[in-house]
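# Remarks on the overall topology
Each chain is listed here by its residues.
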Amino acid sequence: MPELPEVETVRRGLASRLEGKTFLGAVSRVAGLRLPVPAGLHDLLAGQRLHAVERRAKYLLLRCDGGTLILHLGMSGYLRVVDRDLPPGRHDHLDLLFDDGQVLRFNDARRFGLLLWTTADPQEHPLLVGLGPEPFAGAFTGDYLHERARGRTVPVKAFIMDQRLVVGVGNIYANEALFLSGIHPARATGRISRDRYLRLADIIRTVLAEAIAAGGTTLRDFSDSDGKPGYFALSLRVYGREGEPCPRCGHTLRQERIGGRSSFFCSRCQH
DNA sequence: CCGGACGCCTGTCGGC
DNA sequence: TGCCGACAGGCGTCCG
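Since we're looking at a predicted model, the values are computed, not measured.

Conventions used here
Residue positions within a chain follow its written sequence, with the count starting from 1. As a convention, the first chain written is A and the first ligand written is 1, with the rest following in written order. Local features in a predicted model are, by the rule used here, given only for residues with pLDDT of at least 70; side-chain atom pairs are given and counted only at 80 or more, and totals for whole chains, interfaces and linings are based on all residues. Hydrogens are left out, water is left out, and the side-chain values use all remaining heavy atoms of the structure. What counts as a helix is a DSSP run of H or I of at least four residues, what counts as a strand is a run of E of at least two, and both are numbered from the N terminus. Only C-alpha atoms enter the radius of gyration, while the globule expectation follows 2.2 Å times N to the 0.38, with N the number of residues. Under the scheme applied here, a residue whose accessible area is under 20% of the maximum for its type counts as buried, over 50% as exposed, and between as partly exposed, the area being computed with a 1.4 Å probe on protein chains only. Only heavy atoms enter the contact rule, under which two residues are in contact if any of them lie within 4.5 Å. Only the protein chains shown count as covering a residue, and every accessible area follows the Shrake-Rupley method with a 1.4 Å probe. Within this scheme the basic residues Lys and Arg register as positive and the acidic residues Asp and Glu register as negative, but His and the chain ends are omitted. Criterion for a salt bridge: a side-chain nitrogen of Lys or Arg within 4 Å of a carboxyl oxygen of Asp or Glu. In this analysis, axes come from line fits to C-alpha atoms, helices being fitted only over the stretch in contact, and the angle between any two N-to-C directions falls in the range 0 to 180 degrees. Comment on the angle field: the value is read as roughly parallel under 35 degrees, roughly antiparallel over 145, roughly perpendicular from 65 to 115, and oblique elsewhere. Crossing handedness follows the turn of the near helix against the far one: under a right angle anticlockwise gives a left-handed crossing, and clockwise gives a right-handed one. Charged means Asp, Glu, Lys or Arg here, nonpolar means Ala, Val, Leu, Ile, Met, Phe, Trp, Tyr, Cys or Pro, and polar covers whatever is left, Gly included. A helix is expected to span 1.5 Å multiplied by its residue count minus one. Think of it this way: one heavy atom of a residue within 4 Å of a molecule or strand is enough to make that residue near it. Pairs of N or O atoms are called polar contacts if they sit within 3.5 Å, as long as, within protein, a hydrogen donor faces a hydrogen acceptor (for residues adjacent in sequence, only side-chain-to-side-chain pairs). When DSSP finds two or more bridges between two strands, those strands count as paired. Note that the domain bounds reflect an automated or database-derived domain assignment. Defined in terms of a 1.4 Å probe, buried area is the accessible area two parts forfeit on being brought together, summed over both.

## Thoughts on the overall build of chain A
Of regular secondary structure, chain A possesses 6 helices and 10 strands. Radius of gyration (C-alpha) of chain A: 20 Å, near the 18 Å computed for a compact globule of 271 residues. Counting only C-alpha atoms and orienting by the principal axes, one finds that chain A spans roughly 55 × 35 × 30 Å. Buried residues in chain A amount to 54% of all 271 residues. If you take every contact in chain A between residues at least 6 apart in sequence, the share linking residues at least 24 apart comes to 65%. Of the roughly 11,700 Å² that chain A leaves accessible, carbon and sulfur atoms contribute 49%.

Here it is as structure tokens:
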């Protein structure tokens with residue numbers, strides 16, 4: 001579910017509401033998410049002061065004095081800040097308790113999410129160490145894309161969703177960025193000009209930034225830490241709009257499976 | 001190394 | 001109405 005704009009929206013909410021607080025501990029109601037929840041999480045967290053909420057790719061990093069909580073929301077995960085008296089509901093798997101009575105509650109129906117604790121540098125964690133550049137970092141350029149694309153035959157949509165190339169682009173924003181770039185999602189990665197990659201890199205940044213400004217995209221269950229939805233869904237040009245007219249030329253938008261994922265595009269505007 | 005398929009897990013929706 | 005398959009915002013692993 002959440003791509004970079006959604007995770008960044010959550011990060012901002014958590015940072016403003018939770019930074020500076022001290023953990024009382026944790027309650028787990030699940031054996032494992034994508035990986036087992038750390039044994040003894042309560043004792044690991046108790047007394048830790050949360051001094052910063054950061055983001056790397058689609059991971060949230062909750063920096064504490066003695067270590068870092070690494071969270072990933074998977075497809076269906078969300079976080080809420082609630083009062084500890086609110087009874088947990090279905091799929092409310094984890095509560096991280098703060099000393100002021102507030103609780104950071106993790107709900108994840110599909111359990112593709114993740115919570116880990118590390119006392120080492122989280123950037124060096126095996127799950128994070130191979131990640132590509134952040135799309136807003138200087139290293140992410142059209143020339144970088146063009147260089148990495150050389151000789152590759154994979155559909156460009158799968159290419160830009162590969163987190164080893166660049167992080168944060170998931171299925172929604174890949175579709176949107178390719179539409180705005182006029183590039184067909186199935187086009188072979190190595191057969192796209194440098195000029196088009198320059199434009200694509202800019203457009204990826206622009207789409208992600210606009211989505212962050214809108215609070216992310218809510219299709220069904222995404223919400224920020226206050227439970228409020230994002231409204232970028234209103235601005236989606238092609239995602240989920242098969243059968244509707246192309247916003248640029250009026251041709252009927254198509255849906256096809258490309259790179260194993262549902263893809264939406266205009267066969268007249270995108271080549 | 002590369003590209004593609006699969007599995008993880010639950011909820012929802014469309015077709016019959 | 002009920003059932004069943006397909007599909008859903010991610011990602012790691014395995015196979016050819």
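Still more ground to cover, so stick around.
## Regarding the side chain of Glu-176
Within the fold, Glu-176 resides in helix H5 (residues 171–181). One buried charged residue, Glu-176, forms no salt bridge at all, with the nearest opposite charge on Arg-237 at 4.7 Å. The contact partners of Glu-176, leaving out residues within four places of it in the chain, are Val-207, Ser-235, Leu-236, Arg-237, Val-238 and Tyr-239.

## Notes on the packing of H5 against helix H6 (residues 194–213)
Think of two packed helices as two axes; the pair is described by the angle between the axes and how far apart they sit. Look at H5 against H6: their axes get within 9 Å of each other, and the N-to-C directions meet at 130°. Here H6 runs oblique to H5, going by the angle between their axes. The chirality of how H5 crosses H6 is right-handed. Contacts between H5 and H6 pair Tyr-173, Glu-176, Ala-177, Leu-178, Leu-180 and Ser-181 from the former with Arg-196, Arg-199, Leu-200, Ile-203, Ile-204, Val-207, Leu-208 and Ala-211 from the latter. Grouping the constituent residues of the contact of H5 with H6 by class yields 10 nonpolar, 1 polar and 3 charged.

## Some words on H6
Over its 20 residues, H6 extends 29 Å from the first C-alpha to the last, a length consistent with the 28 Å expected when each residue adds 1.5 Å. Those residues of H6 not exposed but buried are Tyr-197, Leu-200, Ala-201, Ile-203, Ile-204, Val-207, Leu-208, Ala-211 and Ile-212. Of the surrounding secondary structure, the elements contacted by the buried residues of H6 are helix H1 (4–18), helix H3 (142–149), helix H4 (156–161) and H5.

## What to know about the protein's contact with DNA strand B
Every residue near DNA strand B is listed here: Arg-90, His-91, Ala-109, Arg-110, Arg-111, Phe-112, Arg-152, Thr-153, Val-154 and Pro-155. Near the protein, meaning within 4 Å, the atoms of DNA strand B are sugar or phosphate in a fraction of 73%, with bases accounting for the rest. The separation between a phosphate oxygen of DNA strand B and a polar side-chain atom of His-91 is 2.7 Å. Residue Val-154 places a main-chain N or O atom 3.1 Å away from a phosphate oxygen belonging to DNA strand B. Of the residues contributing to the surface near DNA strand B, the split by class is 4 nonpolar, 2 polar and 4 charged.

## Overview of the pairing of strand E2 (residues 50–56)
Of all 7 residues that make up E2, 5 are buried, and the element is covered over most of its length. In this structure, the hairpin formed by E2 and strand E3 (residues 59–64) is closed by a connection of 2 residues, where Ala-57 is found at a positive phi of approximately 55°.

## Side note on the domain arrangement of chain A
One can read the domain layout of chain A as domain 1 (4–124) and domain 2 (142–265). The distance between the C-alpha centroids of domain 1 and domain 2 comes to 28 Å. With 18 residues of domain 1 in contact, the opposing surface of domain 2 contributes 19 residues. Taking both partners together, domain 1 and domain 2 bury about 1,500 Å²; carbon and sulfur atoms supply 61% of that area. By the criterion of area lost to domain 2, the three top residues of domain 1 are Pro-5, Glu-6 and Thr-9, representing 32% of everything that side buries. Counting every contact that joins domain 1 to domain 2 gives 1 salt bridge. Here domain 1 is connected to domain 2 by 6 residue pairs in polar contact (both at pLDDT 80 or more). Looking at the side of domain 1 that touches domain 2, the elements with two or more residues in it are H1 and strand E5 (77–83). Looking at which element gives the most residues to the side of domain 1 that touches domain 2, the answer is H1, with 10 residues.

## A short note on the sheet that holds strand E7 (residues 102–108)
The 4 strands are arranged E1-E6-E7-E5 in an open sheet whose pairing can be described as antiparallel. The sheet is open, and its two borders are formed by strand E1 (23–28) and E5, each paired with just one other strand. For this sheet, the mean angle separating the axes of adjacent strands, direction not counted, is 20°. Looking at chain direction, E1 and strand E6 (residues 92–98) are connected through 5 bridges and run antiparallel. Each residue of the ladder has a partner; that of Phe-23, found in E6, is Phe-98.

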